[in-house]
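Coordinate analysis (summary)
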Amino acid sequence: MQIPLASRVRNVQPSLTLQLSARARALREAGRDVISFTAGELDVGPPEAALDEAAAALERGETRYTPAAGTPALRAEVARRTSEETGVALEPGHVIVCCGAKHALYNVVQALCEPGDEVVIPAPYWLSYPAMVKLAGATPVVAPTRPEHGYRLEPDALAAAIGPRTRLLVLNTPNNPTGAVYERERLEAIAQIVRAHPRLFVLTDEIYGKLTYGEAHHVPLWRVAPDLFERSVLVDGVSKSYAMTGFRIGWAVGPAPVIAACTRLQSHATSGPCSISQAAALAALRCRDEPIEPVRALLEQRRARMVAALERIPGFELVPPRGAFYCFPRVGAWLGRTIDGRRIESALTLCEILLEQAGIALVPGDPFGAPDHVRLSFALGTDAMQRGLERLHAFLAEHAEGGD
Ligand SMILES: Cc1ncc(COP(=O)(O)O)c(C=O)c1O
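Residues numbered from 1 in each chain as written. Predicted model: local features only at pLDDT ≥ 70, side-chain atom pairs only at ≥ 80, totals over all residues. Heavy atoms only, no water.

**Focus: the sheet that holds strand β5 (residues 166-172)**
Test applied: Two strands qualify as a pair provided that DSSP identifies no fewer than 2 bridges between them. Secondary structure elements are defined from DSSP: runs of H or I of at least 4 residues count as helices, runs of E of at least 2 residues count as strands, and each element is numbered from the N terminus. Between N-to-C directions, angles cover 0 to 180 degrees, with each direction set by a line fitted to C-alpha atoms, over the stretch in contact for helices. Contacts were defined at the residue level, with two residues in contact if any of their heavy atoms lie within 4.5 Å.
Read across the open sheet, the seven strands follow the order β2-β8-β7-β6-β5-β3-β4; overall the sheet is mixed. Each edge of the sheet is formed by a strand with only one pairing partner; in this case those strands are β2 (95-98) and β4 (139-144). Adjacent strand axes in the sheet meet at a mean angle of 20°, parallel and antiparallel pairs treated alike. Packing against the sheet, helix α10 (residues 256-269) makes contact with β2, β6 (201-205), β7 (232-237) and β8 (250-253), and its axis sits at approximately 30° to β2.

Quick look at the structure:
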């Protein structure tokens, strides 16, 4: 039976990354040895203090609704920490706690964007941004970035993407999938352009802010442009830095009227987030960076190994990531070729072949707006990662030589 569905959901595709992870899991359950590089979450546990506090909150009977914008204690802690990191004076009224950073981003897009509005999204982008924009009835405008610019948005490309209907710029630093980290000078140049367009808001997704490598370090937009506070919202959460994806706690910080609008929306959509998770997130934040640093250092080692391995793979061109936990090599040299009679039309076909024939799961760049790239996460055990990279090298080296 054909059930007529609302056009807003008809236009949204299910997440391809989740589909591929599911396919890899199904093959593994059928007995195949599959090494998956698809993880969007860390392979370590949350901080002990967060787990203990979740249990303690249950013991205390904290099992009831919390205020729609989150518990006062967590909002105050987020305000304190964000003030410290950005230099902007913040109060709990500038913070809404949501069911994950994804939900925080969704609320903000819903609160700010109308049909007819345009939202500038630098590509490659995290795949949910365009879907969220469409769900608000607005139009995504993709602003391309280039490997030779380290996948950072060039001021000229931003200026070219802005028109009279532009309402929002989404800036994700460190970036998923490219690992690009915007440095101070680039943020200043972007801020200068934003200032010239009074209707334009900036939504910064800083969820990977604690995970940077080498010389790179995360600079919040407000550090360089505190004057843009009234026209920007910062999103962060505990999912990536504290390995707490399943707790579903993220937040948006910004001008009080925008936060109040998000709270009205959230009060009708989900109410406040899970009470136990909020208690656990508060405990994690009170540990500050202490539990994060060893994980970051481990990721830095894995990153070095993965970068070295990918640089040896024929037809892969990599800009080493400076943040987050993904490598995003360009695989354009493989497009148009054939492997065992199958023509590689885009990264998606290459990923299908690698999964079926080599037992390696990668994420194609297609849904990130980069169909000539693939994404490999280094948030997996070091041994499995090493084996997977060797297998990838062997398979592609064989087919590169075969010229087939
Ligand atoms: C760039 C980016 N933003 C937001 C999120 C969502 O985070 P959360 O799990 O807190 O909803 C993710 C998760 O993959 C992400 O990669």
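**Observations regarding the site of the ligand**
Counted only if it meets this: Residue proximity to a molecule or strand is established when one non-hydrogen atom of the residue lies within 4 Å of it. Contacts described as polar in this section are N or O atom pairs within 3.5 Å, which, within protein, must combine one atom able to donate a hydrogen with one able to accept it, while residues neighboring in sequence count only if both atoms come from side chains. Residue-level accessible areas treat just the shown protein chains as cover; the underlying method is Shrake-Rupley with a 1.4 Å probe. In this analysis a 1.4 Å probe is tested at points of a 1 Å grid over the protein atoms alone, and where it fits but cannot get out there is a cavity; an open set with protein on both sides within 12 Å along at least five of seven lines is a pocket; lining residues have an atom within 4 Å of a point. Molecule-in-pocket calls rest on the fraction of atoms, with more than half required to lie within 2 Å of the cavity or pocket grid points. Note that Gly is not counted as nonpolar here; it falls among the polar residues with everything else outside the nonpolar set of Ala, Val, Leu, Ile, Met, Phe, Trp, Tyr, Cys and Pro and the charged set of Asp, Glu, Lys and Arg.
Near the ligand, the surroundings consist of 13 residues, among which Asn-176, Asp-205, Ser-239, Lys-240 and Arg-248 are the closest. Within the backbone of Lys-102, an N or O atom sits 2.9 Å from an oxygen atom of the ligand. For the ligand, an oxygen atom lies 2.8 Å from a polar atom in the side chain of Tyr-208. When the ligand is considered free in solution it has 400 Å² of accessible area, and contact with the protein chains removes 93% of it. In a pocket analysis with a 2 Å cut-off to the grid points, the ligand is assigned to the largest pocket. Looking at the shell around the ligand, its residues break down into five nonpolar, four polar and four charged.

**Overview of the packing of helix α2 (residues 16-29) against helix α13 (residues 347-358)**
For any two helices packed against each other, one specifies the inter-axial angle together with the distance between the axes. The criterion, for reference: Throughout, the term roughly parallel applies to angles under 35 degrees, roughly antiparallel to angles over 145, roughly perpendicular to angles from 65 to 115, and oblique to all others. Put simply, a crossing is left-handed when the front helix is turned counterclockwise from the back one by less than a right angle, and right-handed when it is turned clockwise.
In contact at an axis separation of 11 Å, α2 and α13 are set at 15° when each is read in the N-to-C sense. Judged on the interaxial angle alone, α13 and α2 are roughly parallel. Handedness of the crossing formed by α2 with α13: right-handed. Each of Leu-16, Leu-20, Arg-23, Ala-24 and Leu-27 in α2 lies in contact with α13, whose residues at this interface are Leu-348, Leu-355 and Glu-356. For the contact of α2 with α13, the class distribution of residues is six nonpolar, no polar and two charged.

**Section: the pattern of salt bridges**
Test applied: For this document, the term salt bridge refers to a Lys or Arg side-chain nitrogen within 4 Å of an Asp or Glu carboxyl oxygen.
This model, assessed by the stated rule, comprises 24 salt bridges. As a salt-bridge pair, Arg-342 and Glu-352 come within 2.6 Å of each other at their nearest N and O atoms. Here Glu-352 lies in helix α13 and Arg-342 lies in strand β11 (residues 342-343), a separation of ten residues in the sequence.

**Things to note about α2**
For an α-helix, 3.6 residues make a turn, and residues three or four places apart therefore share a direction. What counts, and what does not: How far a helix is expected to stretch is found by multiplying one less than its residue total by 1.5 Å. The buried label goes to any residue with under 20% of its type's maximum accessible area, the exposed label to any with over 50%, and the partly exposed label to all in between, with areas taken from a 1.4 Å probe on protein chains only. Taking the helix axis as origin, the arc is that swept by the directions to the C-beta atoms.
In a regular helix each residue adds 1.5 Å, so 14 residues correspond to 20 Å; α2 covers 20 Å between its end C-alpha atoms and thus fits that length. Thr-17, Leu-20, Ser-21, Ala-24 and Leu-27 are the residues of α2 that are buried. Down the axis of α2, the sector holding all buried residues measures 120°, keeping them to one side. Residues of α2 that are exposed and point over 90 degrees away from its buried face: Leu-18 and Glu-29. As for α2, its buried residues are in contact with α13, β12 (360-361), β13 (363-364) and β14 (374-377). Positive phi shows up at Gly-31, right after α2, with a value of about 100°.

**A look at empty space enclosed by the protein**
It is a probe the size of a water molecule, rolled over the atoms, that shows where empty space is left. Put simply, the test is: Grid points are joined across faces, edges and corners, and a volume is the space filled by probe spheres set on the points.
Enumeration over the complete set of coordinates arrives at one cavity of 30 Å³ or more. Contributing to the lining of the largest cavity are 15 residues, with Pro-122, Pro-124, Asn-172, Asn-175 and Tyr-182 lying nearest its centre. Mapped onto the lining of the largest cavity, the elements with two or more residues apiece are β3 (118-123) and β5. By residue class, the composition of the lining of the largest cavity is eleven nonpolar, four polar and no charged.

**Regarding the sheet that holds β13**
One open sheet accounts for three strands, arranged β9-β14-β13; its pairing is antiparallel. Edge positions in the open sheet fall to β9 (326-327) and β13, since each of these has one partner strand only. In the sheet, β9 pairs with β14 via two bridges, with the strands oriented antiparallel. The partner of Tyr-326 across the bridge, within β14, is Ser-377.

**Describing the state of the cysteines**
Put simply, the test is: For the purposes of this analysis, a disulfide is any pair of cysteine sulfur atoms at a distance within 2.5 Å.
For the structure on display, the rule yields zero disulfides. The closest cysteine sulfur to the non-disulfide-bonded Cys-99 is located on Cys-98, 7.0 Å from its own sulfur. On the basis of relative accessible area, Cys-99 is assigned to the partly exposed category, the value being 24%. Just so you know, Cys-327 is unpaired, no disulfide at all, and the nearest cysteine sulfur is the one on Cys-351, 14 Å from it.

**Focus: a nonpolar patch on the surface**
Stated precisely, the cut-off is as follows: Candidate patch residues must exceed 30% relative accessible area and have no salt bridge, after which like charges are joined if within 9 Å and Val, Leu, Ile, Met, Phe, Trp or Tyr side chains if within 5 Å.
A surface patch of nonpolar side chains, amounting to about 500 Å² of accessible area, comprises Met-1, Ile-3, Leu-5 and Val-9. Within the secondary structure layout, Ile-3 lies in the segment before α1 (7-10). With a relative accessible area of 55%, Ile-3 lands in the exposed category.

**What to know about the nonpolar core**
The following threshold applies: Throughout, nonpolar core names a set of buried Ala, Val, Leu, Ile, Met, Phe, Trp, Tyr and Cys residues whose side chains join them through atoms within 4.5 Å. What fixes the domain bounds is an automatic or database domain assignment.
Counting residues in hydrophobic clusters, the biggest one holds 106 residues, and the most contacted among them are Phe-37, Leu-310, Phe-325 and Leu-392. When residues are assigned to domains, this core turns out to be shared by domain 1 (7-45 + 292-402) and domain 2 (63-286), each giving three or more. Judged by nonpolar contacts, the second largest core, of 22 residues, contains Ile-162, Tyr-182, Ile-190 and Leu-228.

**Concerning the packing of aromatic side chains**
For any pair of aromatic rings, the description consists of the separation of the ring centres together with the inter-plane angle of the planes. Applied cut-off: Classification of ring pairs rests on two measures: the distance between centres of Phe, Tyr or Trp rings, Trp counted by its six-membered ring, which must be within 6.5 Å, and the angle between planes, read as stacked under 30 degrees, edge-to-face over 60 and tilted in between.
Applying the stated criterion across every chain yields a total of seven aromatic pairs. Each ring, one from Tyr-208 and one from Phe-325, has its centre 5.4 Å from the other, and the planes form 85°; the classification is edge-to-face. With Tyr-208 in the loop between β6 and α9 (221-224) and Phe-325 in the loop between α12 (292-311) and β9, the pair connects residues that are 117 residues apart, well separated along the chain. Here Tyr-208 matches Phe-325 in class, with each residue buried. Here Tyr-208 and Tyr-326 contribute two aromatic rings whose centre-to-centre distance is 5.9 Å and whose plane-to-plane angle is 80°, an arrangement assigned as edge-to-face. One end of the pair, Tyr-208, is in the loop between β6 and α9; the other, Tyr-326, is in strand β9, with 118 residues separating them in the sequence. Within the aromatic cluster, the residues linked to one another by ring pairs are Tyr-208, Phe-325 and Tyr-326.

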